[in-house]
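# Coordinates in review
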Amino acid sequence: MSDNQPIILGKDIGLTSCPTCHKVTCAKSTHCSRCDAPLTVRDYSSVQKSWALLITATILLIPANIYPISTLTNQGRVTQDTIFSGIAHLVKTDMIPIAIILFVASILVPILKIVGLTIYLSAISFKLPISKKKLMTGFHIIEWIGRWSMLDLFVISLTVAVVNMGQLLDAKPAPAATAFALVILLTQLAAKVIDTRLLWDRLEAKDDSSTNA
Amino acid sequence: MGKEAVDSSITLCRSCDLVIRKRALPTGVRAICPRCHTSLYDTPYCSINGMLALCLTAIFFFAPANLFPVLELEFLGSVRTTTVIEGALSVYHQGYWLVGIAVLTSAVIAPGLLLLSILMQILIVKYGLSSPSLKTVLKHALKTQGVLTQLTMLEIFVISFLVAAFNLADFATVSFGFGTFCFTMLFVMTLFLMREYDLEHMWSYLDER
């Protein structure tokens with residue numbers, strides 16, 4: 001912020017914005033006058049919910065990467081691929097661009113999302129002095145890029161449907177697919193439930209003062 | 001306390017609760033929160049008729065995109081084709097029902113509901129704002145809009161055609177079907193529709209009258 005305007009928050013002047021339709025209403029009312037959604041000035045339980053979802057997702061990330069995600073039968077020979085070995089195979093067969101897309105979508109994005117959300121939630125829960133602006137930028141990126149992890153599941157569903165010729169050539173999904181789907185679902189929910197206004201409240205004393213002064 | 005009429009020139013940032021005084025913006029400019037850089041609002045204008053045209057075109061492509069095969073594979077003389085729905089169902093029938101439901105929801109059900117919901121919203125805004133029951137319908141449609149938009153993943157599915165084709169080109173001859181074209185068109189139309197669509201603006205129709 002270049003100008004030195006005093007920071008006035010909605011809760012200071014008795015106003016709150018509806019979480020569903022963003023209408024600005026008086027903080028005294030319990031429900032939004034336009035869309036009837038329940039109003040909260042700050043949703044403190046959202047941090048707990050988000051932690052719970054995030055921890056579950058982190059645990060599920062392990063089976064998602066250890067177990068095979070697809071089984072391929074090629075002329076009687078059965079091979080099982082984990083997320084990583086599938087990408088390694090693509091690199092070996094010189095399909096680097098596809099390998100990069102899959103690496104980013106299935107390995108990098110889930111890990112970055114979990115690490116990013118952990119830092120974000122820690123900053124709120126333990127009041128870590130990390131720049132709020134950087135955290136918020138990271139959060140917006142996580143929100144936007146998170147859905148791209150679905151790519152691997154779409155590819156598997158198309159492959160399974162089209163490759164089904166018995167012993168000759170046959171593709172099937174394997175257990176990691178469900179774990180991976182859950183990782184995506186839970187991390188997306190963890191990012192969605194959190195009330196970001198809490199971050200901006202709790203670190204009010206420290207942080208960006210250094211950038212302003 | 002009894003401050004019923006809230007000053008309409010003031011808005012609050014939904015990410016950090018900062019009080020912001022609204023200003024008129026030129027077309028194509030978006031207001032961003034000075035504190036946390038969340039986008040707040042842009043020009044409160046969206047062409048209802050333009051949206052109607054885009055929405056109808058997208059709906060027109062929806063059926064062929066899901067009925068015609070999107071991927072064809074030829075291996076030692078035998079040919080296999082699949083549609084998007086068959087892909088989701090084949091995973092479902094292998095016992096991976098969660099994956100199947102996720103694929104079906106994000107590629108077929110959510111886009112379909114989203115388009116129908118937007119069509120309904122447009123028609124209500126154009127012709128039915130005077131009826132209170134239709135206004136309630138509009139309200140519920142707008143409340144589910146955010147979830148439907150998040151669940152719609154057409155763009156990712158279009159990329160997955162390419163990735164799947166390259167993956168399989170190793171073993172067999174792969175070609176795209178008529179469905180691939182329709183699905184891509186469905187994606188493009190939905191993309192432009194969602195660029196035109198403005199949720200804040202749609203909500204404001206409920207305030208008037």
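Rules used in this analysis
Residues numbered from 1 in each chain as written. Chains lettered and ligands numbered in written order. Predicted model: local features only at pLDDT ≥ 70, side-chain atom pairs only at ≥ 80, totals over all residues. Helix = DSSP H or I, 4+ residues; strand = E, 2+ residues; numbered from the N terminus. Rg over C-alpha atoms; globule rule 2.2 N^0.38 Å. Buried ≥ 20, exposed ≤ 12 C-beta atoms within 10 Å, placed from the backbone. Contact = placed C-beta atoms within 7 Å. Nonpolar A, V, L, I, M, F, W, Y, C, P; charged D, E, K, R; others polar. pLDDT = per-residue confidence, 0-100. Expected span 1.5 Å × (residues − 1). Core = buried A, V, L, I, M, F, W, Y, C linked by C-beta atoms within 7 Å. Domains from an automatic or database assignment. Pairing = 2+ DSSP bridges. UniProt positions renumbered as here; feature names shortened; annotations may be inferred.

### Some thoughts on the overall build of chain B
Tallying secondary structure elements over chain B gives 7 helices and 7 strands in all. Over its C-alpha atoms chain B spans a radius of gyration of 21 Å, topping by over 25% the 17 Å that the globule rule assigns to 209 residues. Counting only C-alpha atoms and orienting by the principal axes, one finds that chain B spans roughly 75 × 40 × 35 Å. Among the 209 residues that make up chain B, the fraction classed as buried is 34%. Contacts in chain B between residues far apart in sequence, at least 24 positions, make up 62% of those at least 6 positions apart.

### What about the overall build of chain A?
The helix and strand inventory of chain A stands at 8 helices and 6 strands. Compactness check: chain A gives a C-alpha radius of gyration of 22 Å against a globular reference of 17 Å for 213 residues, more than 25% above the reference. Residues classed as buried in chain A amount to 40% of the 213 residues present. If you take every contact in chain A between residues at least 6 apart in sequence, the share linking residues at least 24 apart comes to 61%.

### Topic: the interface of chain B and chain A
It is common to give the size of an interface as the accessible area lost on bringing the parts into contact. Taken together, the contact pairs 53 residues of chain B with 56 residues of chain A. When contributions to the side of chain B that touches chain A are tallied by element, the ones reaching two or more residues are strand E1 (10–12), strand E5 (71–75), strand E6 (78–82), helix H2 (84–93), helix H3 (97–127), helix H4 (132–151), helix H5 (154–168) and helix H7 (199–207) of chain B. Top contributing element to the side of chain B that touches chain A by residue count: H5 of chain B, with 9 residues. Partitioning the side of chain B that touches chain A into residue classes produces 31 nonpolar, 11 polar and 11 charged.

### Points about the confidence of the model for chain A
All names here are of chain A. With 92% of its residues at a pLDDT of at least 70, chain A reaches an overall mean of 85. Mean pLDDT across the elements of chain A bottoms out in helix H8 (residues 209–212) (42) and peaks in helix H1 (residues 45–66) (94). A low-confidence stretch, residues 205–213 stays under pLDDT 50, and its non-local contacts, those more than four residues away or across chains, total 8 contacts.

### Observations concerning helix H6 (residues 178–196) of chain B
Residue and element names in this part refer to chain B. Helix length check: H6 (19 residues) gives 27 Å between terminal C-alpha atoms against 27 Å at 1.5 Å per residue, within 8%. Within the span of H6, buried status applies to Gly-179, Thr-180, Cys-182, Phe-183, Leu-186, Phe-187, Met-189, Thr-190 and Leu-193. Tucked into the core, H6 has its buried residues touching helix H1 (48–67), H2, H3, H5 and strand E7 (173–176).

### Structural notes on the nonpolar core
Core analysis: the largest hydrophobic core is formed by 102 residues, its most contacted members being Leu-153, Phe-180 and Val-183 of chain A together with Leu-186 of chain B. Looking at this core element by element, the count peaks at 12 residues for helix H3 (residues 96–125) of chain A. Ignoring any residue separated from it by four or fewer positions in sequence, one finds Leu-186 of chain B in contact with Ala-58, Phe-61, Phe-62, Ala-65 and Leu-154 of chain B. By size, the runner-up hydrophobic cluster in this structure holds 7 residues, among which are Cys-18, Cys-21 and Cys-32 of chain A together with Leu-142 of chain B.

### What to know about the domain arrangement of chain B
According to the domain assignment, chain B contains domain 1 (10–42) and domain 2 (48–207). Using only C-alpha atoms to locate each centre, domain 1 of chain B and domain 2 of chain B end up separated by 30 Å.

### Description of the domain arrangement of chain A
Here chain A is described as being made up of domain 1 (1–41) and domain 2 (43–212). The straight-line distance from the C-alpha centre of domain 1 of chain A to that of domain 2 of chain A is 32 Å.

### Brief notes about the sheet that holds strand E4 (residues 77–81) of chain A
Residues and elements named next belong to chain A. Strand order across the open sheet formed by 4 strands is E4-E3-E6-E5, with antiparallel pairing between neighbours. Edge strands, defined here as strands with exactly one partner in the open sheet, are E4 and strand E5 (164–165). Judged from the 5 bridges that link them, strand E3 (residues 70–74) and strand E6 (residues 169–173) form a sheet pairing that is antiparallel. Each bridged residue has a counterpart across the sheet, and for Thr-71 the counterpart in E6 is Lys-172.

### Re the UniProt feature "transmembrane region" (unreviewed entry) in chain A
Residues and elements named next belong to chain A. Under the local residue numbering, the UniProt record ascribes the feature "transmembrane region" (unreviewed entry) to residues 51–69, 98–123, 144–163 and 175–194. Its end C-alpha atoms 36 Å apart, residues 98–123 is made of 100% helix and 0% strand. Across residues 175–194, the secondary structure splits into 90% helix and 0% strand, with the terminal C-alpha atoms separated by 30 Å.

### What about unusual backbone geometry?
A negative phi angle is the norm for most residues apart from glycine, just as the trans form is the norm for most peptide bonds. Residues and elements named next belong to chain A. Positive phi, normally seen in glycine, also occurs at His-22, with a value near 65 degrees. Considering the arrangement of structural elements, one finds His-22 in the loop between strand E1 (15–17) and strand E2 (24–26). Of note, the phi angle at Asp-94 is positive, near 65 degrees, even though the residue is not glycine. You can see Asp-94 is positioned in the loop between helix H2 (83–92) and H3.

### Brief notes about the environment of His-201 of chain B
Residues and elements named next belong to chain B. Mapped onto the secondary structure, His-201 falls in helix H7. The class of His-201 is partly exposed, set by 16 C-beta atoms lying within 10 Å. When the C-alpha atoms of His-201 and Ala-172 are compared, they prove to be 50 Å apart, with 29 residues separating the residues in sequence.

### With respect to the environment of Ile-156 of chain B
You can see Ile-156 of chain B is positioned in helix H5. Owing to 21 C-beta atoms within 10 Å, Ile-156 of chain B belongs among the buried residues under this scheme. Considered as a pair, Ile-156 of chain B and Phe-187 of chain B are 31 residues apart in the sequence and their alpha carbons are 9.7 Å apart. When near neighbours in sequence (up to four residues on either side) are disregarded, Ile-156 of chain B contacts Arg-147, Trp-148, Met-150, Leu-151 and Phe-154 of chain A.

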